[in-house]
Amino acid sequence: MKKVIAVLGIGTVLAVIAGAVPRAVESATPVSETLRASVRNYNEAVVGTGELAYLGQHEITSALPLVLEKILVREGDIVEVGDTVAVIDRESSAALIESLGQVTALAISASNLSTAVALLPEKITSDCSGRVISTANSGQAVQSGYSIATVAQTEELAVTAAVSELDIAKVAVGQNVIFYLAAYPGDVFFGKVSAIAQAARNQYNGAVLETVVDVTVTPDDPDGRLRSGLSAEVEIQLSAPRQICVLPYSAIAQDGAGEYVYVYEDGKAVRRDIFTGAEFADGTEIRKGVSTSDIVFKNPEEIAERNYIRIS
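Just so it is clear, the structure is predicted and the values come from calculations on it, not from any experiment.

A. Expanded view of the overall build of the protein chain. Regarding its fold elements, the protein chain presents four helices and 26 strands. When the accessible surface of the protein chain is summed, it comes to about 17300 Å², and 49% of that surface belongs to carbon and sulfur atoms.

Written out as C-alpha cells, the structure reads:
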C-alpha cells in the first residue's frame, strides 16, 4: 500500500491527511524510495603504500653508465667489503657513454671520450657486507646510479610505506598495522610501526607531487610468502574497532546550514541536520542525526522541491 505524505521543511509544516489528497494528485505523485543506514565495523586508520625490503638493504651502484662483462655473485652469496661483484666490459662501456652523449659528474671535466673512458673501473666491488638478494645480468648495460647488486645486511624484512605529511602526526611507533600484498590479494598480514623517518621527502602520485614521510612496519610473525620487493598497502590502526552508522552519499544533501537528510517521521518527510565522519567509496559515517532505526529518503533534494510525496 502506498501513502501520500506531506513534506516538512524548516519552519514550514504542511499537515495534510493522505485521504484528503485528490486521487488525481496522488496518482501523479512519483514514489520516493527510502532506505535505512547500514552498520559496519570500522577502525580509524592512516593508509600508505610501499614495498617490502630487508632492513639495511643496500644497492651497489656505479656513478658511470657501464656494461657488465660478467657478474661474479649469485643470489644467496655472502659478500664482504671489497669482494668483487662484477667485471666491467670497458670497451662496450665507452661505446655506451658515447651513444648516450653524456658524461657524469665524475668525468665532467674530461676533454674527450678517451679521458672519460680512463675513469671506467675494471671491476665493481662491494662496499658492504651481507647476503646478495638480487643482481643484474652478465652483458647487461646499467645506467648511472642503477643497481648492479642488492645486498641485505640483515635477515629482517620490513615494509617501508610512504604516508602523507597530512597524516603523519597521527602515527606513532608501536601502533598496530594491517598490510596487504599485491602478490597475495586475498590475504591479510599484521605488523607494528617500528620507525618513522626523521625527514620528509617528495614523490609523485600520478602527476601530482606530494610530500610524504617513510614509515617502517615490522611484520608480527615470520612468513615464507614475504619477499623483498613486493608492493604493499598498509593501514595503520589509530583506534579500536567500533560499529558505525553509514549512509550512501546520494541520501545526503548540503546547503548553507550544513549537511542534512530527509527522514520519514510521524507521517511526514522531515529535514534532519546531520554530522558526518569517516568517508568510504559507498557512503559516509553519520556521527549524529540519524540512527539505523530511521527511515531515510534516498533523494533529499527532490524531496525538498515537492509539497507531497508517495512512499511504499
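Picking up where we left off.
B. Fine view of unusual backbone geometry. Located in the positive-phi region is D266, a residue other than glycine, with phi close to 55 degrees. With respect to the secondary-structure elements, D266 resides in the loop between β21 (258–265) and β22 (268–273).

C. Local environment of the sheet that holds strand β7 (residues 78–79). An order of β5-β12-β10-β7 is seen for the four strands of this open sheet, with the pairing classed as antiparallel. Unpaired on one side and paired on the other, β5 (58–60) and β7 mark the two borders of the sheet. Pairing of β5 with strand β12 (residues 149–152), which is carried by three bridges, proceeds in the antiparallel orientation. Paired with I60 across the bridge in β12 is A149.

D. Geometry of the packing of aromatic side chains. Under the counting rule described, the total for this entry stands at four aromatic pairs. Here the aromatic rings of F179 and F189 are separated by 5.5 Å at their centres, their planes lie at 20 degrees, and the arrangement is stacked. Linking F179 in strand β14 (residues 176–181) with F189 in strand β15 (residues 184–196), this pair joins segments that are 10 residues apart in sequence. A single burial state applies to F179 and to F189, both of which are buried. With a centroid separation of 6.5 Å and an interplanar angle of 65 degrees, the aromatic rings of Y184 and F189 are classed as edge-to-face. Three or more aromatic residues joined by ring pairs form one cluster here, namely F179, Y184 and F189. The ring of F280 carries R40 above its face, with NZ or CZ at 4.8 Å from the centroid. A cation sits over an aromatic face here: R271 above Y260, 3.8 Å from the ring centre.

E. Quick look at the side chain of E285. Mapped onto the secondary structure, E285 falls in strand β24 (residues 283–288). We classify E285 as buried; its relative accessible area is 4%. A distance of 3.1 Å separates the side chain of E285 from the side chain of R242, its partner in a polar contact. Every residue in contact with E285, bar those within four places of it in the chain, is listed here: R242, I244, C245, V246, F275, T276, G277, A278 and F280.

F. The arrangement of the sheet that holds strand β9 (residues 123–125) in detail. What the four strands build is an open sheet, ordered β9-β8-β6-β11; its pairing is antiparallel. For this open sheet the edge positions go to β9 and β11 (141–142), each flanked by a neighbour on one side alone. Pairing of strand β6 (residues 66–71) with β11 involves two bridges; the strand directions are antiparallel. When the sheet's bridge partners are listed, L66 is paired in β11 with V142.

G. Structural detail: the confidence of the model for the protein chain. The share of residues in the protein chain with pLDDT of 70 or more is 85%, and the mean pLDDT across the chain is 86. Between residues 10–18, whose pLDDT stays under 50, and residues either more than four places distant or in other chains, the model counts 12 contacts. Residue range residues 103–110 is modelled with pLDDT below 50. Its contacts to residues more than four positions away, or to other chains, number 13 contacts.

H. Examining the pattern of salt bridges more closely. Scanning the entire structure with this criterion turns up 14 salt bridges. In this structure, the salt-bridge partner of E265 is R272, at a minimum N-O distance of 2.8 Å. On the basis of relative accessible area, E265 is assigned to the partly exposed category, the value being 31%. Notably, a salt bridge pairs R287 with E285, separated by 3.6 Å at the nearest N-O pair. Among the residues examined, R287 registers a relative accessible area of 57% and is labelled exposed. Several salt bridges converge on common partners, so that one network encompasses D187, D223 and R225.

I. Local environment of the environment of A37. Looking at the secondary structure, you find A37 in the loop between β2 (34–35) and β3 (38–42). What makes A37 buried here is its relative accessible area of 8%. Put simply, A37 and C245 are 208 residues apart on the chain and 6.0 Å apart in space, counted from C-alpha to C-alpha.

J. Main features of the nonpolar core. Counting 23 residues, the largest nonpolar core has V159, F179, V215 and I236 as the members making the most contacts within it. Mapped by element, the contributors of at least two residues to this core are β4 (45–54), β13 (157–164), β14, β15, β17 (208–219) and β18 (231–237). With four residues, the single largest contributor to this core is β13. Contact partners of V159, with chain neighbours within four places excluded, come to E51, L52, F179, V215, T216, V217, A232 and V234.

K. Geometry of helix α2 (residues 90–100). By the burial criterion, the buried members of α2 are S93, A94, L96 and I97. Taken end-on, α2 shows its buried residues confined to a sector of 160 degrees, consistent with a single buried face. Residues of α2 that are exposed and point more than 90 degrees away from the buried face comprise E91, E98 and S99. The residue sitting at the N-terminus of α2 and contributing the capping side-chain oxygen is D89; that oxygen lies 3.4 Å from the backbone nitrogen of E91.

Analysis parameters
- Residues numbered from 1 in each chain as written.
- Predicted model: local features only at pLDDT ≥ 70, side-chain atom pairs only at ≥ 80, totals over all residues.
- Heavy atoms only, no water.
- Helix = DSSP H or I, 4+ residues; strand = E, 2+ residues; numbered from the N terminus.
- Areas by Shrake-Rupley, 256 points an atom, 1.4 Å probe, with all protein chains shown as cover.
- Pairing = 2+ DSSP bridges.
- Phe/Tyr/Trp six-rings, centres within 6.5 Å; stacked < 30°, edge-to-face > 60°.
- Buried < 20%, exposed > 50% of the residue type's maximum accessible area, 1.4 Å probe, protein only.
- Lys NZ or Arg CZ within 6 Å of the ring centre and 35° of its normal.
- Polar contact = N/O pair within 3.5 Å; in protein donor to acceptor, adjacent residues only side chain to side chain.
- Contact = heavy atoms within 4.5 Å.
- pLDDT = per-residue confidence, 0-100.
- Salt bridge = Lys/Arg side-chain N within 4 Å of Asp/Glu carboxyl O.
- Core = buried A, V, L, I, M, F, W, Y, C linked by side-chain atoms within 4.5 Å.
- Arc of directions from axis to C-beta.

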